Amino acid sequence: MPDPSTPSVGSTVTADRAEEERRGLMLVLSSPSGAGKSTIARMLLEKEKGLELSISVTTRPRRSSEIDGVHYHFVSKERFIEMRDGGELLEWAEVHGNYYATPRGPVEAAIEGGRDILFDIDIQGTFQLYETMRSDVVSIFVLPPSLAEMKNRLRGRGEDADDVILRRMETAVGEMKHWVKYDYVVVNEKLERAYDSVRSILKAERHKQARSSVIAPFIDGFVSDLEEALKA
Ligand code: ADP
Ligand code: 5GP
């Protein structure tokens, strides 16, 4: 009689397949300006396998440092409206007089292909994604450790004049009130620690059972292997 504790053939799964063969997720990082969202996003894209950036379309003029198709797809207002009315956009928003949006096709292809996708979009866009794709979205709100530190970082970045910094801080007040609508909150005091927290969240979410495509058939196979073994 075969020993039920050592089934000879049967259902198997590797740790790599369990982590990789699944529906991709949509990782949304938001923060008040100056908290360090872009820094953390850049580190993730450099270091994390299987994570790509969602490239938005915008009607904003291209800055000299930006490349069309890399930082944004720059489009005319007419083309933007055509895309929006044709159902090509997952979400869209008007920010400081320009339109921004997430094209639907690449995101759907990524998550159906088991690849994760990172979003640098504003709060309005995040909440629109919640409406249609809540279970695919993992949202993280990044906070600065204090107002003084946020101001230091905005000044230290050296990109904005004082009046722009003030405007960004005013916007931050409104945005921070929405923190409760996010799945996770990370305080970016020491960068390495904040990055590590964001990475841990991504890693845990990759194991969420509802995203898996291999575990259900593996368990079915495993249970029938076990039943056979017990009958024998
Ligand atoms: P955001 O995208 O949230 O507006 P950035 O990522 O551009 O913010 O960060 C703002 C500035 O703060 C940058 O100069 C960045 O290098 C710096 N910074 C980010 N995280 C930290 C940190 N933990 N400690 C000190 N400086 C930081
Ligand atoms: P910027 O013009 O500085 O690149 O971006 C301005 C703001 O637009 C940022 O807050 C950025 O997160 C937001 N944004 C960029 N792309 C999108 C998008 O596709 N959708 C939404 N809703 N916001 C976006």
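These remarks concern the structure in this document.

Ranked by internal contacts, the top residues of the largest apolar core, which has 19 residues, are Leu-27, Leu-29, Ile-40, Leu-44, Leu-118, Ile-140 and Val-198. Elements represented by at least two residues in this core include exactly β1 (26–30), α2 (37–47), β8 (137–143) and α8 (191–206). With five residues, α8 is the largest single contributor of residues to this core. Residue contacts for Leu-44: discarding those within four places in its chain leaves Leu-27, Leu-29, Leu-51, Leu-118, Tyr-195, Val-198, Arg-199 and Leu-202. By size, the runner-up hydrophobic cluster in this structure holds 18 residues, among which are Ala-110, Tyr-130, Val-137 and Leu-143.

Close to ligand 1 lie 16 residues; Gly-34, Ser-38, Thr-39, Arg-157 and Asn-188 are nearest. Note that an oxygen atom of ligand 1 is positioned 2.5 Å from one of the side-chain N or O atoms of Thr-39. Take Leu-191: an N or O atom from its main chain is 3.2 Å from a nitrogen atom of ligand 1. Summarising the interface, the protein chains cover 76% of the accessible area of ligand 1, which totals 570 Å² for the free molecule. Of the residues contributing to the shell around ligand 1, the split by class is three nonpolar, seven polar and six charged.

Of all residues adjacent to ligand 2, which total 15 residues, the nearest are Ser-56, Arg-60, Tyr-72, Glu-91 and Tyr-100. The side chain of Arg-60 places a nitrogen or oxygen atom 2.7 Å from an oxygen atom of ligand 2. Asp-120 is positioned such that a nitrogen or oxygen atom in its side chain is 3.0 Å from an oxygen atom of ligand 2. Contact with the protein chains removes 84% of the 520 Å² of surface that ligand 2 exposes when unbound. When contributions to the shell around ligand 2 are tallied by element, the ones reaching two or more residues are β5 (89–95) and β6 (98–103). A per-class count over the shell around ligand 2 returns six nonpolar, three polar and six charged.

Tracing the chain through its elements places Glu-66 in the loop between β3 (57–58) and β4 (73–74). Given the relative accessible area of 8%, Glu-66 is considered buried. For Glu-66, the contacting residues outside a window of four places in its chain are Arg-60, Pro-61, His-71, Tyr-72 and Phe-74.

The sheet built from five strands is open, its strands ordered β2-β7-β1-β8-β9 with parallel pairing. Only two strands of the sheet have a single partner each, and these edge strands are β2 (51–53) and β9 (184–187). With direction set aside, neighbouring strand axes in the sheet form an average angle of 25 degrees. The pairing of β8 with β9 spans four bridges and is parallel. Paired with Phe-141 across the strands is Val-185, a residue of β9. Across the sheet, helix α4 (residues 104–112) lies against β1, β2 and β7 (116–119), angled at about 140 degrees from β7, the strand it touches most. Each of β1, β2, β7, β8 and β9 is contacted by α8, which is oriented at about 160 degrees to β9, the strand it contacts most.

In contact at an axis separation of 10 Å, α2 and α8 are set at 60 degrees when each is read in the N-to-C sense. When the axis of α2 is compared with that of α8, the two are oblique. Our pair here, α2 against α8, has a crossing hand that is right-handed. Between α2, through Thr-39, Ile-40, Met-43, Leu-44 and Lys-47, and α8, the contact on the second element is made entirely by Leu-191, Glu-192, Ala-194, Tyr-195, Val-198, Arg-199 and Leu-202.

Each value, and the rule that gives it
- Residues numbered from 1 in each chain as written.
- Chains lettered and ligands numbered in written order.
- Predicted model: local features only at pLDDT ≥ 70, side-chain atom pairs only at ≥ 80, totals over all residues.
- Heavy atoms only, no water.
- Core = buried A, V, L, I, M, F, W, Y, C linked by side-chain atoms within 4.5 Å.
- Buried < 20%, exposed > 50% of the residue type's maximum accessible area, 1.4 Å probe, protein only.
- Helix = DSSP H or I, 4+ residues; strand = E, 2+ residues; numbered from the N terminus.
- Contact = heavy atoms within 4.5 Å.
- Near = heavy atom within 4 Å.
- Polar contact = N/O pair within 3.5 Å; in protein donor to acceptor, adjacent residues only side chain to side chain.
- Areas by Shrake-Rupley, 256 points an atom, 1.4 Å probe, with all protein chains shown as cover.
- Nonpolar A, V, L, I, M, F, W, Y, C, P; charged D, E, K, R; others polar.
- Pairing = 2+ DSSP bridges.
- Axes fitted to C-alpha atoms, helices over the stretch in contact; angles between N-to-C directions.
- Parallel < 35°, antiparallel > 145°, perpendicular 65-115°, else oblique.
- Left-handed = near helix turned anticlockwise from the far one by under 90°.

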